[in-house]
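# Report on the structure
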Amino acid sequence: MSYDVVVVGAGFAGASIAYFLGRLGVKTLIADLKPWDFVGSKPCGDAVGKHHFDELSMPYPKGDELEGIVKGISIYSPSEQHEVFVSGEGFEIHRIKYTQRLLSDAISRGVEFLGGTHFREPIIKDDHVVGVKIWSGGAKEIFSKVVIDASGNARAVVRFLPKSWPVNEELVLGDANIAYREIRVLENHIDNPEVLRIYINNDVAPGGYWWYFPYSKMERTVNIGLGIRGDLRGLHPKELLYKHVFSRPEFKGSKVVESGGALVPTRRPIPSLVWNGIAVIGDAAYVVNPVHGGGKGSSMISAKCVSEAIKNALEVGSTSAKDLWEANTCYMIKYGGKQGSLDIFRYFLQKLSNDDLEFSISKKLVNGNELNEISLRGKFEVGLVDKILKLSSLLSRPSLLLKLRTVVKYMDLIKEHYLKYPSTPEGLNKWLHDLNKILKNYHDSLM
Ligand code: FDA
Ligand code: GRG
């Protein structure tokens, strides 16, 4: 059996690329461990920014694929006495139904779906991935011009590849969150169900946050979860959620509809989304917003960039790293640079004490619009830096002030560096070397 493309994993990223490849008329097979009825099921807060669908011409979730409308996010200080409201449109999306919608569209255009299928290992020939070994009611070999790893945190394909291939960079747990969530039906009505709530508190969720995301289309139903930095031994997000959150009176008598947890990569993307005969998208490529941990929008961006690069590579008749490379230049410009710079910000945020967080939110060092700008562009505008510097010096927080200066400088440096992402694979080693130097200098200066 042979295809142009085999996609391993039919989660949000895999289903998105199947959707794009179907529309590009590329002969594709997509396989997942899960049977059809469960594809797309994944512990998630289910929130996605609307702008992603507009920018990528993806269909909005509709009917029962849409569980809630989002009008903005309230971010609460550790005491919960102060909040910043970030206005922005989004959706609470039904993970299974929307994934099935994308896959159905792809199938109607000739993409083949194989459920209940276990990817076992890649087939590599002359330094090129040429196919996959799978178990699907029996051992099978399938050949293809490109294999796409969309297997999420399993990184089921790339982890078999040589370490010298830049698609195989391991995740360090300090660069991840471990997150757990439950979907619950409450006894009482939820106020402002179109506003998502994020609570930052180092005692409750060290290195992360806990969230309360109502499904506005489903009366009294809410997605509540908690994420902590991945390398904090002895702490468990489920235990913290039960201890600090579900013990509150508002959850008394609530019914658990669904529960589960998983790892969230919260770092810059892997150095390259493609190599010879292989592409990586979604969580397997660490394409997640490092500050808020949302990865659905960026999964779709990585899928779009990779699908177009594959289409063009197939046209020239070669799927080498060089011929697939435009996937990188597309992704790194659209989102990778923002991830790189927000990774710098994330590291700073994770070092702040509850006292610093309370101070920053209560004194409104950054308001909602400004936070939105930082989140959208991965950048502090010059006027904002001046404002914060003035406010913090007036209010005498010299250590915070000094650190923030460093953070802003390195966020800009990283952003500029991603703009210089190499146009061919030959430039990658030098670019990576320089990136690691910037990161080392930053970490040393924040010690
Ligand atoms: P995903 O894990 O969804 O899919 C991978 C697929 O590969 C699975 O279907 C799996 O079965 C399959 N697979 C794995 N190994 C295989 C093998 N060997 N053979 C065959 N198939 C295999 N993001 C966001 O935008 N908004 C949010 O609110 C949240 N909230 C959130 C909460 C929690 C608790 C977590 C853990 C994560 C989030 N995220 C999020 C992140 C978001 O869920 C994540 O970025 C995307 O779902 C990633 O989609 P992928 O398709 O890459 O991986
Ligand atoms: C605790 C790190 C950690 C992970 C938990 C709950 C969760 C994972 C992620 C939720 C992400 C989130 C807040 C989504 C809200 C949706 C929304 C309207 C986001 C607006 O942000 P965008 O769209 O961000 O500007 P991106 O980076 O996707 O463009």
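Nothing here was measured: the structure is a model prediction, and the numbers come from that model. (Residues numbered from 1 in each chain as written. Chains lettered and ligands numbered in written order. Predicted model: local features only at pLDDT ≥ 70, side-chain atom pairs only at ≥ 80, totals over all residues. Heavy atoms only, no water.)

### Details of the nonpolar core
- Ranked by internal contacts, the top residues of the largest apolar core, which has 107 residues, are M58, I148, I278, V306, F348 and F380.
- Looking at this core element by element, the count peaks at 9 residues for helix 7 (residues 326–351).
- In this structure, I148 is in contact with V5, V6, V7, V8, I17, L21, A279, I281, V306 and I310, ignoring residues within four places of it in sequence.
- If you look at the next biggest cluster of nonpolar residues, it comprises 18 residues, including Y199, W210, I224 and I228. (Core = buried A, V, L, I, M, F, W, Y, C linked by side-chain atoms within 4.5 Å. Buried < 20%, exposed > 50% of the residue type's maximum accessible area, 1.4 Å probe, protein only. Helix = DSSP H or I, 4+ residues; strand = E, 2+ residues; numbered from the N terminus. Contact = heavy atoms within 4.5 Å.)

### Remarks on the domain arrangement of the protein
- For the protein, the assigned domains are domain 1 (2–46 + 94–171 + 268–324), domain 2 (174–265) and domain 3 (339–445).
- Each side of the interface is counted separately: domain 1 has 15 residues, and domain 2 has 16 residues.
- Between domain 1 and domain 2 lies a buried interface of about 1,100 Å² when both sides are counted; carbon and sulfur atoms form 58% of it.
- Summed over the three residues of domain 1 that lose the most area to domain 2, namely P43, G45 and L171, the buried surface amounts to 39% of that side.
- Along the contact surface separating domain 1 from domain 2 lie 1 salt bridge.
- Of the charged contacts, one joins R95 and E258 as a salt bridge, the two residues approaching to 3.0 Å between their closest N and O atoms.
- Seen at the junction of domain 1 and domain 2, the total is 6 residue pairs in polar contact (both at pLDDT 80 or more). (Domains from an automatic or database assignment. Buried area = accessible area lost by both parts, 1.4 Å probe. Salt bridge = Lys/Arg side-chain N within 4 Å of Asp/Glu carboxyl O. Polar contact = N/O pair within 3.5 Å; in protein donor to acceptor, adjacent residues only side chain to side chain.)

### Looking at the site of ligand 2
- Of all residues adjacent to ligand 2, which total 20 residues, the nearest are H51, H52, N289, H292 and Y335.
- With respect to ligand 2, the side chain of H51 contributes an N or O atom lying 2.7 Å from an oxygen atom.
- N289 is positioned with one of its side-chain polar atoms (N or O) 2.7 Å from an oxygen atom of ligand 2.
- When the free accessible area of ligand 2 is taken as 750 Å², the share hidden by the protein chains comes to 92%. (Near = heavy atom within 4 Å. Areas by Shrake-Rupley, 256 points an atom, 1.4 Å probe, with all protein chains shown as cover.)

### Here's the deal with the pattern of salt bridges
- Summed over the entire model, instances satisfying the criterion amount to 24 salt bridges.
- Of the charged contacts in the structure, one is a salt bridge between K71 and E194, with a shortest N-O distance of 2.9 Å. Placement of K71 in strand 4 (residues 66–76) and of E194 in the loop between strand 10 (176–185) and strand 11 (195–199) is noted, with a sequence separation of 123 residues between them.
- The partner of E315 in a salt bridge is K311, and the shortest N-O contact between them spans 3.7 Å. With E315 and K311 both in helix 5 (residues 296–316) and 4 residues apart, the pair spans about one turn of that helix.
- Three or more residues joined by partner-sharing salt bridges are found here, namely D46, E67, R95, R181 and E258.

### So, the side chain of R267
- Assignment of secondary structure puts R267 in the loop between strand 14 (255–265) and strand 15 (274–275).
- A distance of 3.4 Å separates the side chain of R267 from the backbone oxygen of P269, its partner in a polar contact.
- Those residues in contact with R267 that lie beyond four places of it in its chain are E169, E170, L171, D175, Y286, V288, P290, Q339 and D343.

### Some points on helix 12 (residues 428–446)
- In a regular helix each residue adds 1.5 Å, so 19 residues correspond to 27 Å; helix 12 covers 27 Å between its end C-alpha atoms and thus fits that length.
- By the burial criterion, the buried members of helix 12 are L428, W431, L432, D434, L435, I438, L439, Y442 and L446. The buried side chains of helix 12 occupy one side of the element, clustering within an arc of 165° when seen end-on. Within helix 12, the exposed residues directed more than 90 degrees away from the buried face are N429, K430, H433 and K440. (Expected span 1.5 Å × (residues − 1). Arc of directions from axis to C-beta.)

### Some remarks on the packing of helix 7 against helix 12
- Contact geometry of helix 7 with helix 12 gives a least axis separation of 11 Å together with a crossing angle of 20°. Compared by their axis directions, helix 7 and helix 12 come out roughly parallel. By crossing handedness, the relation of helix 7 to helix 12 is classed as right-handed. Residues I344, Y347, F348 and K351 of helix 7 form the contact with helix 12, whose participating residues are L439, Y442, H443 and L446.
- Looking at the contact of helix 7 with helix 12 residue by residue, the class counts come to 6 nonpolar, 1 polar and 1 charged. (Axes fitted to C-alpha atoms, helices over the stretch in contact; angles between N-to-C directions. Parallel < 35°, antiparallel > 145°, perpendicular 65-115°, else oblique. Left-handed = near helix turned anticlockwise from the far one by under 90°. Nonpolar A, V, L, I, M, F, W, Y, C, P; charged D, E, K, R; others polar.)

### Concerning the sheet that holds strand 14
- Taken together, the 8 strands give an open sheet; going across it, the order is 3-5-4-11-12-13-10-14, and neighbouring strands pair in mixed fashion. Two strands bound the open sheet, and with one partner strand each, they are strand 3 (47–49) and strand 14. Across the sheet, the mean angle separating the axes of adjacent strands is 30° when strand polarity is ignored.
- Pairing between strand 10 and strand 14: 10 bridges, direction antiparallel. The residue bridging N177 from the neighbouring strand is V264, located in strand 14.
- Relative to strand 10, helix 4 (residues 237–244) is tilted by about 45°, and along the sheet it contacts strand 10 and strand 13 (221–229).
- Across the sheet, helix 9 (residues 368–377) lies against strand 4 and strand 5 (83–93), angled at about 50° from strand 5, the strand it touches most. (Pairing = 2+ DSSP bridges.)

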